[in-house]
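# Structural overview
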Amino acid sequence: MDSSIMSLSRFMLEEQRKHPLAHGDFTLILEQIAFAAKIISREVNKAGLVNILGSAKTHNVHGETQQKLDLFANERMIRVLNPTGKVCAMASEEIDDAIPVDDKSLEGKYSVVFDPLDGSSNIDVNVSIGTIFGIYRRLDDNNCLHSLLQKGKELVCSGYVIYGSSTMFVYTTGNGVNGFTLDPSVGEFLLSHKNIKIPEYGKIYSINESNYDRWPEGIKEYVKFIRNHPDRQYTARWIGSFVADFHRNLLKGGVFSYPENTKNPQGKLRLLYEANPMAFVVENAGGAATDGKHRILDIQPTSLHERVPLVIGSKYEVELYAEFREKYG
Ligand code: AHM
Ligand code: MG
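Cut-off values and rules
Residues numbered from 1 in each chain as written. Chains lettered and ligands numbered in written order. Predicted model: local features only at pLDDT ≥ 70, side-chain atom pairs only at ≥ 80, totals over all residues. Heavy atoms only, no water. Pairing = 2+ DSSP bridges. Helix = DSSP H or I, 4+ residues; strand = E, 2+ residues; numbered from the N terminus. Axes fitted to C-alpha atoms, helices over the stretch in contact; angles between N-to-C directions. Contact = heavy atoms within 4.5 Å. Patch = residues over 30% accessible without salt bridge, like charges linked within 9 Å, V, L, I, M, F, W, Y side chains within 5 Å. Areas by Shrake-Rupley, 256 points an atom, 1.4 Å probe, with all protein chains shown as cover. Salt bridge = Lys/Arg side-chain N within 4 Å of Asp/Glu carboxyl O. Lys, Arg positive; Asp, Glu negative; His and termini not counted. Charge placed at Lys NZ, Arg CZ, Asp CG, Glu CD. Domains from an automatic or database assignment. Buried area = accessible area lost by both parts, 1.4 Å probe. Polar contact = N/O pair within 3.5 Å; in protein donor to acceptor, adjacent residues only side chain to side chain. Nonpolar A, V, L, I, M, F, W, Y, C, P; charged D, E, K, R; others polar. Buried < 20%, exposed > 50% of the residue type's maximum accessible area, 1.4 Å probe, protein only.

Our focus in this paragraph is the sheet that holds strand β6 (residues 177-183). Read across the sheet, 7 strands follow the order β1-β2-β3-β4-β5-β6-β7 without closing on themselves; strand pairing throughout is mixed. Each having just a single partner strand, β1 (87-92) and β7 (188-193) make up the two edges of the open sheet. Strand-to-strand twist across the sheet, computed as the mean angle between neighbouring axes with direction ignored, equals 20 degrees. As paired strands, β1 and strand β2 (residues 110-118) are joined by 5 bridges and run parallel to one another. The partner of serine 92 across the bridge, within β2, is phenylalanine 114. Running over the sheet, helix α5 (residues 242-252) touches β2, β3 (129-137), β4 (155-163), β5 (167-172) and β7 and is turned about 105 degrees from β4.

Structure representation (structure tokens):
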């Protein structure tokens, strides 16, 4: 094997060694998320085969009840994190309340938030989907549940997995962003995108323009300006799967927006499970994320499932958005 090949496990261990006081709790959590990602990836990749293979009705070959993939992914995340004993509180986009943890986990030093399968309405049509996660250090507090409602800037790690033409694991611990591609033949994530930096500006804008008539004036003016930009020709790309739209823009530059509209006054995406983890990634890659007025990572969450208008990507387009909102409302 080429000695330059770096697996995710080795990368995480080398990162851990840089912190002599680290106990490995955090590395264990991250490893388990990567493990869940491999299992979810396997299930996502055979999504279309389930009926063909005859495991119809409600049972699969292992006698387990067949579930919708997003519920499967949700359960998988919980089942890998709980036994670590290191996570004192968890919350998921799929579950209304905080997720109960085992008794032995109550002393865990971390809390974890996740969207187990974002964009899952796209599964049926073979479009890329993803898992998003964020890890916080436990607050010095008896009630670990409070650790779930921390500002995004307190994240110690966040990232996402994209199940696309290949499966990739992208994450940051606040010190650069690295991407690992799953090599299915060895079952390992291998470092493929080292120290990802988002271009300062791009040529892509991603927004669901069917909401145009419901937008405030500032967003309409912004999109009009982008379409007729004096310096470059922009192109529109909207997959409708946040992880996929975000991942493309992270690598190529540009902006993703799900702003407020009269139907969804706080936009559609969730602060805890989608906006914060991706904002932490984008900032660590040199980009920015705003709700139009505030840096996403500075917003104090008040409830587990609150939504937030989100504009995220290259610095130039994100800052321009805030300027247009300020000027036109
Ligand atoms: P989900 O978390 O229920 O999958 O919804 C979030 C998804 C995002 O992936 C995507 O960007 C957005 O919804 C698309 O919304 P719309 O259908 O309004 O364009
Ligand atoms: Mg989602």
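Let's shift gears to the side chain of asparagine 211. Position of asparagine 211 among the secondary structure elements: in the loop between β8 (204-206) and α4 (217-227). With near-sequence residues (within four places) excluded, asparagine 211 lies in contact with Tyr258 and Asn261.

The grouping of Glu200, Glu319, Glu323 and Glu326 at the surface amounts to a negative patch. Position of glutamate 319 among the secondary structure elements: in helix α7 (residues 315-328).

Bring the parts together and some accessible area is lost; that lost area is often taken as the interface size. Taken domain by domain, the chain consists of domain 1 (8-193) and domain 2 (204-328). Using only C-alpha atoms to locate each centre, domain 1 and domain 2 end up separated by 24 Å. Across the contact, 44 residues belong to domain 1 and 31 residues belong to domain 2. For the pair domain 1 and domain 2, the summed buried area comes to about 2700 Å², and 66% of that belongs to carbon and sulfur atoms. At the surface where domain 1 touches domain 2, the tally comes to 1 salt bridge. Aspartate 298 is the partner of lysine 153 in a salt bridge, and the nearest nitrogen-oxygen pair spans 3.4 Å. Counting every contact that joins domain 1 to domain 2 gives 11 residue pairs in polar contact (both at pLDDT 80 or more). Listed by contribution, the elements that provide at least two residues to the side of domain 1 that touches domain 2 are β1, β2, β3, β4 and β5. Top element by residues in the side of domain 1 that touches domain 2 is β4. It accounts for 8 residues. For the side of domain 1 that touches domain 2, the per-class residue count stands at 21 nonpolar, 16 polar and 7 charged.

Our focus in this paragraph is the pairing of β6. With 6 of its 7 residues buried, β6 lies for the most part within the structure. Where β5 lies against β6, 5 bridges are found, and the strand directions are antiparallel. Bridging across to β6, valine 170 finds its partner in glycine 179. Linkage of β5 to β6, two consecutive antiparallel strands, is achieved through a turn of 4 residues, within which glycine 174 is found at a positive phi near 95 degrees. Bridge analysis of β6 against β7 gives 5 bridges, and the strand direction is antiparallel. When the bridges of β7 are listed, aspartate 183 appears paired with glutamate 188. A loop of 4 residues connects β6 with β7, the two strands running antiparallel in sequence, and glycine 187 in this loop sits at a positive phi of about 70 degrees.

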